[in-house]
Each structure stands twice: as structure tokens, then as C-alpha cells.
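A look at the structure
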Amino acid sequence: MTKVTMTVNGKPASGDVEGRTLLVQFLRENLRLTGTHVGCDTSQCGACVVHVDGKAVKSCTMLAAEADGAEVTTIEGMANADGSLNTIQQAFQDHHGLQCGFCTPGMVMSASALLADNPRPTEAEVRDYLEGNICRCTGYHNIVKAIMAASGQDVGAIAAE
Ligand code: FES
Ligand code: FES
């Protein structure tokens with residue numbers, strides 16, 4: 001076992017992990033931050049996306065030990081300080097960007113990383129960026145709409161599906 005220490009959602013977190021323990025396991029099982037989901041075992045679905053040192057990462061592709069010393073943000077750290085939904089989360093609600101919600105944490109984390117890099121993405125850029133996030137319910141249309149709305153763009157021109 002190895003001790004890992006990191007900052008998760010602004011607070012210090014540590015625990016003993018095996019060398020093979022994935023970051024997603026550490027978050028879910030050691031820290032009980034179960035908003036980060038596991039939707040596949042092939043690194044394809046993106047339900048496990050978190051931010052590590054400001055970058056979107058599939059937490060099933062990284063060992064917990066590799067995140068030692070890192071700043072990690074999970075979906076639990078995304079709400080505003082008063083507990084209200086942040087702009088992206090609110091836009092998902094307003095534009096029906098979710099159905100079952102299983103993919104939503106990963107979608108929100110990816111969307112947040114996209115908007116940090118590209119504050120006014122085009123529809124094509126949003127769709128391209130979400131290539132690593134799979135949703136089995138929505139058909140993606142309202143997710144794209146929500147992300148564009150969160151970036152402050154008029155989504156009236158994006159036809160309803
Ligand atoms: S659980 Fe990480 S990509 Fe599916
Ligand atoms: S809302 Fe169900 S998987 Fe995306």
C-alpha cells in the first residue's frame with residue numbers, strides 16, 4: 001500500500017492505495033465521492049471525467065498514485081459556494097440536457113474544461129469535444145444546446161430535436 005495525498009474539491013484528502021488503484025476508485029471508494037461514475041471498462045464512456053490540475057481526465061485511465069499531490073475537482077466541487085447549481089449545471093437543467101443523468105457528471109466536467117479553453121465554442125466544436133463522452137439517452141442535442149447556452153450564446157437558432 002502507498003499513501004497518496006491530494007487536494008480534492010479544495011480540501012486535503014489522503015488514503016492508502018494499492019499500486020493498481022485507479023483514481024476513480026480512490027474518489028468513489030476511499031473518499032465516497034460517488035458523483036464520478038464508471039460506465040465502461042474500456043475508457044470510452046467519459047462518465048468518470050474529473051479535472052486534475054485543471055485538465056479534464058478520464059479518472060479510470062489514471063492511477064490514484066499518479067494523482068499524488070494534484071488538485072482534483074469532481075462534480076461534487078462544481079456547485080456555487082452557496083450550494084446552487086453553477087452556470088453549466090443550471091443550463092443542463094434549463095435545456096433538458098439530461099435524462100437518466102448517468103453521463104451528466106462527466107458531461108458537466110468535460111463542458112467546464114471546454115469552456116475554460118474555448119469560452120464561445122461553435123456547435124461543431126462542442127460536438128467534437130464531446131466525442132469522449134457517451135450518452136445513451138439524450139441523442140446529445142440538448143447537451144450541446146445546454147453547453148452553448150452556458151457559454152452565453154443564443155441557442156434559439158439551434159433547432160429543437
Ligand atoms: S468509466 Fe472511464 S471512460 Fe468509462
Ligand atoms: S442522460 Fe442517460 S446516459 Fe446520458
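Rules behind the numbers
Residues numbered from 1 in each chain as written. Chains lettered and ligands numbered in written order. Predicted model: local features only at pLDDT ≥ 70, side-chain atom pairs only at ≥ 80, totals over all residues. Heavy atoms only, no water. Domains from an automatic or database assignment. Contact = heavy atoms within 4.5 Å. Buried area = accessible area lost by both parts, 1.4 Å probe. Polar contact = N/O pair within 3.5 Å; in protein donor to acceptor, adjacent residues only side chain to side chain. Helix = DSSP H or I, 4+ residues; strand = E, 2+ residues; numbered from the N terminus. Nonpolar A, V, L, I, M, F, W, Y, C, P; charged D, E, K, R; others polar. Pairing = 2+ DSSP bridges. Axes fitted to C-alpha atoms, helices over the stretch in contact; angles between N-to-C directions.

Side note on the domain arrangement of the protein
Where interface size is quoted, it is often the accessible area lost as the parts come together. Per the domain assignment, the segments making up the protein are domain 1 (2–77) and domain 2 (87–150). On a C-alpha basis, the centroid separation for the pair domain 1 and domain 2 is 21 Å. Domain 1 puts 16 residues into the contact, and the matching count from domain 2 is 14 residues. Summed over both partners, the interface of domain 1 with domain 2 buries about 1100 Å², with 64% contributed by carbon and sulfur atoms. Together, H37, H51 and I75 form the three largest contributors to the area buried by domain 1 at its contact with domain 2, with a combined 41%. Taken together, the connections running from domain 1 to domain 2 amount to 6 residue pairs in polar contact (both at pLDDT 80 or more). Secondary-structure elements contributing two or more residues to the side of domain 1 that touches domain 2 are β3 (49–52) and β4 (55–58). In the side of domain 1 that touches domain 2, the residues fall into 7 nonpolar, 8 polar and 1 charged.

Things to note about the pairing of strand β2 (residues 11–17)
Pairing between strand β1 (residues 2–8) and β2: 7 bridges, direction antiparallel. Directly across from T7, in β2, lies its bridge partner P12. What sits between β1 and β2 in their antiparallel hairpin is a turn of 2 residues, with N9 showing a positive phi close to 50 degrees.

A look at the sheet that holds strand β5 (residues 71–73)
Here we have 5 strands laid out as an open sheet, ordered β2-β1-β5-β3-β4, and mixed in their pairing. If you trace the sheet from one side to the other, it starts and ends with β2 and β4, each paired once. Here the strands of the sheet are splayed against their neighbours by 40 degrees on average, with no regard to which way each runs. Inspection of the sheet shows β1 paired to β5 by 2 bridges, in the parallel sense. The residue bridging V8 from the neighbouring strand is V72, located in β5. On the sheet, helix α1 (residues 23–30) packs against β1, β2, β3 and β5 and is oriented at approximately 105 degrees with respect to β2. Across the sheet, helix α3 (residues 104–117) is in contact with β3, β4 and β5; its angle to β3 comes to roughly 40 degrees.

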